[in-house]
Amino acid sequence: MNALLIVCGLGFISLLSEILNFKKGLHAIVIAGLIAAALMVVRDWNSAAHYFNDMLIFDQFAIAFSCLIMAVAAAWFCLAPSYFIGDSHQTDRTALIAFTIVGGIMMVSFNNMAILFLGIEILSISLYVLAGSNKESFFSNEAAFKYFIMGSFATGFLLMGIALVYGATGSFDIARITEYLAAHSDELPGFFYVGLFLMLIGIAFKISVVPFHFWAPDVYAGSPTLITAFMSTVVKIAAVGAFYKIFAQCFLPVQASFTSTVIVIITLTLLVANITAVYQNNVKRMLAYSSVAQVGYILLGLISDSAKFEGPLLYYLTSYATTSLVAFGVLYMIESAKGSSSLEVFAGLYTKNPFAAICMTIALLSLAGIPPFAGFFAKYSVLSMAVDGNYIEMVILAIITSLIGVYYYFKPIMAMFGQRSDDRLYFSPGQKLIIGALTLLIILMGLFPDSLISVMG
Amino acid sequence: MMILFLILWPLATALGLYVLRPANAKVVAFASSLIELVVSLLIVIQFRDQDAAMWTYQVPWIPSLGINFSVGMDGISLLLVLLTTGLVPFILLSSFKMPNQKSANFYALVLLMQMALVGVFTALDGFLFYVFWEMALIPIYFICLIWGDESRVPVTFKFFVYTLAGSLFMLLALLFLYYQTPGNHSFDIHALYKAGRELSTFQQGIIFWGLFLAFAIKMPIFPFHTWQPDTYTVAPMEGTMLLSGIMLKMGFYGLIRWLLPLVPLGVKEWGFTAIILSVIGIVYASIVAINQKDFKRLIAYASIAHVGLISAGVLTSSKLGMQGALIQMISHGILAFALFYICEIISTRSNTRIITSLGGLRTSAPILTTIFVIVILGTIALPFTSGFVGEFLLLNALFQYNMILGAVGGLTIILGAVYLLPAFQYMMLGKNHAPGADIADLTRHEKIVLYPIVVLVFVIGIHPDPLLKISEVAVTDLLEVFSTFSANVK
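Residues numbered from 1 in each chain as written. Chains lettered and ligands numbered in written order. Predicted model: local features only at pLDDT ≥ 70, side-chain atom pairs only at ≥ 80, totals over all residues.

### Remarks on the overall build of chain A
Per the secondary structure count, chain A includes 20 helices and 2 strands. Computed over C-alpha atoms, the radius of gyration of chain A comes to 21 Å, within 12% of the 23 Å expected from 2.2 N^0.38 for 457 residues, which places it in the range of a compact globule. The principal-axis extents of the C-alpha atoms in chain A amount to approximately 70 × 60 × 40 Å. Per-residue burial over chain A gives 57% buried out of 457 residues. (Helix = DSSP H or I, 4+ residues; strand = E, 2+ residues; numbered from the N terminus. Rg over C-alpha atoms; globule rule 2.2 N^0.38 Å. Buried ≥ 20, exposed ≤ 12 C-beta atoms within 10 Å, placed from the backbone.)

Right under this line is the structure:
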């Protein structure tokens, strides 16, 4: 709760800083504030705190995920000073990002459908603006517009779903809904299931799984690269966290009614996203499809055993966020030097800048699920749970699609190492430091996965 | 603890090389590999199979999932570790005077590879085994991708995807077994053994194919070999040496450690099919080798042929076959190293590897020719060379298993002569086909590399007993277990 206030405060401070004229220190203030907020949340680890008549509950799940959101956001800020500097919109952008984080924290700590809705909206509205924050770019405007139209459409579904679920169960409160469902699981009215599926569609839009993913590649590719990085990390964590809370906790008593739908979604997501990614020549677009595909693997773990999935989910999202930050970070630096994010600009990167090439390679190997990197263990834990849950055919599908994944993740690797180039590319020491540290984290997480998985008990 | 050193030392040096990038990286790498060799020799001296506890090391790694960092050695592991630690210094040394000098990153990758290989040969935990297995793939992929020949990009990618596909099915098979273990599940090798042996014949058959696929692609066995000739050809010399000298032995080691004792009934059920595939590979690869124009490619196919015999020998699950396979693995490692080195020497000096455009090199390079002939005779298994001991034991085992297969497998020696001797004749003897293409004889550096190899070829050929002794107890134990559990079939 305190964290929520601090991050909110950061948003207001950044708005005030325009008037009070202390823009120079703002970046550092925000990073420090996020870290302070994260530490503050961790202090309550052993005692779940309830706020506003149980509308917000900071239990271990909420604490772990909101910490993750803030930590990733802080790392993102370290990576992204150039998004804020040298532009007249520094303060607006910082404020918008801060409000996005507020929305994200609400999405992983809600105990009430209304808060869920508020969280999603606070997050989304800020993001619509951020997606279009490169005002001179046609694609950025397109991305914002598309995201806005699609997003509001999805919100409509979600709201309608919440209303129907309320009608059937008589409560917005997650815990009460679960109780009611457990007690009356065989006498639920038909419109409850309609509500459930409308909610599924609404949140599926937000976590961008097939067939509700159409906006994602365009929005990801059109937005400024750093915003894309933000969307595929912070926003993804929040959305997947919300999905977990709704479908693996709240609707757990009626899980059987939507499992087969989720399996269809997983199958489509794994196949469509991975196969489409193969045909992309733009690395940013390829990473967008890859981000869609990754959610498919996450959902596979979720249906296999939702109760035991908390730890692996946290691990998966942490490793995915770290890896994405490295991949997008390197991509951003190359893009700002070369003016393009197509595959060609990666040609010969190993001779241009070996450090960037090696970091990018480790990130891509991790995304592809090659040991000993974090992405491998993330995928492994999902597959392992699916084997345990007797979803053998889904496991085989996941293995085949991750082989397809290797194909496209290796395209930049082959370009970086397989070709030679004479010119050089320099990174600033600050960029090197943060990307190097995140890369190291990918390796460490891969070598010592237990430290993170067992956090969730 | 010494095993831990063998794994961590190359890793530490590799990281050091990458971070500090010393000017003489190759010397540092070579020195590091020598230390590694000395330590492994110390282990050989002290090694007694009885006190097995001394040669294991275990710490919890991911306790919540029953995964341990558990490594250990018996005679079988020791032989393969010895092959790794023994061959890497030679591979590094052979790269010293090559025209394309390689950067520190290259040597770091070779040492990383060494770490992963030692890990594979000592892992006693299914998960750890898989991780090392994959970790061995990454450095070699980059060695081939960065320093390889013209068409390296698609070729090495095919290699990577092929081997990764195989190992993913191995992971699936191991995972399935993991969930058969009682209680909180464990990846410990003995727990997996126990779980595997309790499965029905049908289930064991499925596990057999999941694992065999991974191993067969690595070796490679017909029909999973299509990545191999291209990869061997485009890889830089050191890469080819690592691939054929050491890495393909991962496949055999997998068969011995992770297949025969794990699913004895599966092996009983499907072993014959797998042996037939191996024998087909012998004949097929030999015939293809006869028609090769590029000498490096010829050796690549020859390697498939030899590999087929070794795998057939292991799968007979007899003591002869197993011991023969182990000695042949060592011998093949040494000889493949020498063949690829000689091939590289000839091709850098005369700018071609095409057999028919070479000729009469003997007049200008007599010492090279002599060594070359010894290596070739070793490869086609002439008595008193290292190749003979292994092939003799293997063929003997195959004969006892099945006369016809033995006879067909025996073709490997005859066909080996058919493709290697004419190639040798063309390149070294006779007329000089391209006038003015005289090449310099071996330099002192090359002699330092090749003389010990020649000595080893003869020493192992004449007196193989010490090597056979190292693995004898382990092999006997393993087969005892195997026959107990495969006899349970109704």
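### Points about the overall build of chain B
When helices and strands are tallied, chain B shows 20 helices and 2 strands. Taken against the 2.2 N^0.38 rule, which gives 23 Å for 490 residues, the C-alpha radius of gyration of chain B at 22 Å falls within 12% of a compact globule. Its C-alpha atoms give chain B principal-axis dimensions of about 75 × 55 × 45 Å. Within chain B, buried positions represent 61% of all 490 residues. If you take every contact in chain B between residues at least 6 apart in sequence, the share linking residues at least 24 apart comes to 81%. (Contact = placed C-beta atoms within 7 Å.)

### Let's talk about the pairing of strand 1 (residues 56-62) of chain B
All names here are of chain B. Here 6 bridges tie strand 1 to strand 2 (residues 67-72), and the two strands are oriented antiparallel to one another. Within strand 2, the position partnered with Tyr-57 by the bridge is Val-71. In sequence, strand 1 turns back onto strand 2 through a hairpin of 4 residues, with Gly-66 there showing a positive phi of about 70°. (Pairing = 2+ DSSP bridges.)

### Some details on the interface of chain A and chain B
Contacts between chain A and chain B engage 20 residues on the former and 21 residues on the latter. Element by element, the count of residues in the side of chain A that touches chain B is highest for helix 18 (residues 392-418) of chain A, at 8 residues. Residues belonging to the side of chain A that touches chain B are distributed by class as follows: 15 nonpolar, 3 polar and 2 charged. (Nonpolar A, V, L, I, M, F, W, Y, C, P; charged D, E, K, R; others polar.)

### What to know about the environment of Ser454(A)
Residue position: Ser454(A) is located in the segment after helix 20 (450-453). Ser454(A) sits in the partly exposed class, given 14 other C-beta atoms within 10 Å. Sequence spacing of Ser454(A) and Val326(A) is 128 residues, and the spatial spacing of their C-alpha atoms is 25 Å. Residue contacts for Ser454(A): discarding those within four places in its chain leaves Gly311(A) and Ser64(B).

### Section: the environment of Ile334(A)
Following the sequence through the fold, Ile334(A) ends up in helix 14 (residues 310-338). Sequence-wise, Ile334(A) and Phe427(A) are 93 residues apart; in three dimensions their C-alpha atoms are separated by 9.2 Å.

### Considering the nonpolar core
Counting 377 residues, the largest nonpolar core has Ile69(A), Trp76(A), Val120(B), Ala136(B), Leu259(B) and Phe337(B) as the members making the most contacts within it. It is helix 14 (residues 319-350) of chain B that contributes the most residues to this core, 19 residues altogether. The contacts of Val120(B), once residues within four sequence positions are left out, are Phe129(B), Phe132(B), Trp133(B), Ala136(B), Met250(B) and Tyr253(B). (Core = buried A, V, L, I, M, F, W, Y, C linked by C-beta atoms within 7 Å.)

### Quick look at the packing of helix 12 (residues 264-290) of chain B against helix 18 (residues 403-428) of chain B
Residues and elements named next belong to chain B. Contact pair helix 12 / helix 18: the axes reach a minimum separation of 9 Å and the direction vectors enclose 20°. For the element pair helix 12 / helix 18, the angle class is roughly parallel. In the crossing of helix 12 with helix 18, the sense of the turn from one axis to the other is left-handed. Seen from helix 12, the contacting residues are Ile-275, Val-279, Ile-282, Val-283, Ser-286, Ala-289 and Ile-290; seen from helix 18, they are Leu-405, Val-408, Gly-409, Leu-411, Thr-412, Leu-415, Gly-416, Val-418 and Tyr-419. Considering only residue class, the contact of helix 12 with helix 18 consists of 12 nonpolar, 4 polar and no charged. (Axes fitted to C-alpha atoms, helices over the stretch in contact; angles between N-to-C directions. Parallel < 35°, antiparallel > 145°, perpendicular 65-115°, else oblique. Left-handed = near helix turned anticlockwise from the far one by under 90°.)

### Some remarks on the packing of helix 5 (residues 126-147) of chain B against helix 10 (residues 237-247) of chain B
Residues and elements named next belong to chain B. Running from N to C, helix 5 and helix 10 point in directions that differ by 150°, and their axes come no closer than 9 Å. Considering the angle they form, helix 5 stands roughly antiparallel to helix 10. Listed contacts from helix 10 to Ala-136, Ile-140, Ile-143 and Cys-144 of helix 5 are Glu-238, Gly-239, Leu-242, Leu-243 and Met-247. Its residues assigned to classes, the contact of helix 5 with helix 10 comprises 7 nonpolar, 1 polar and 1 charged.

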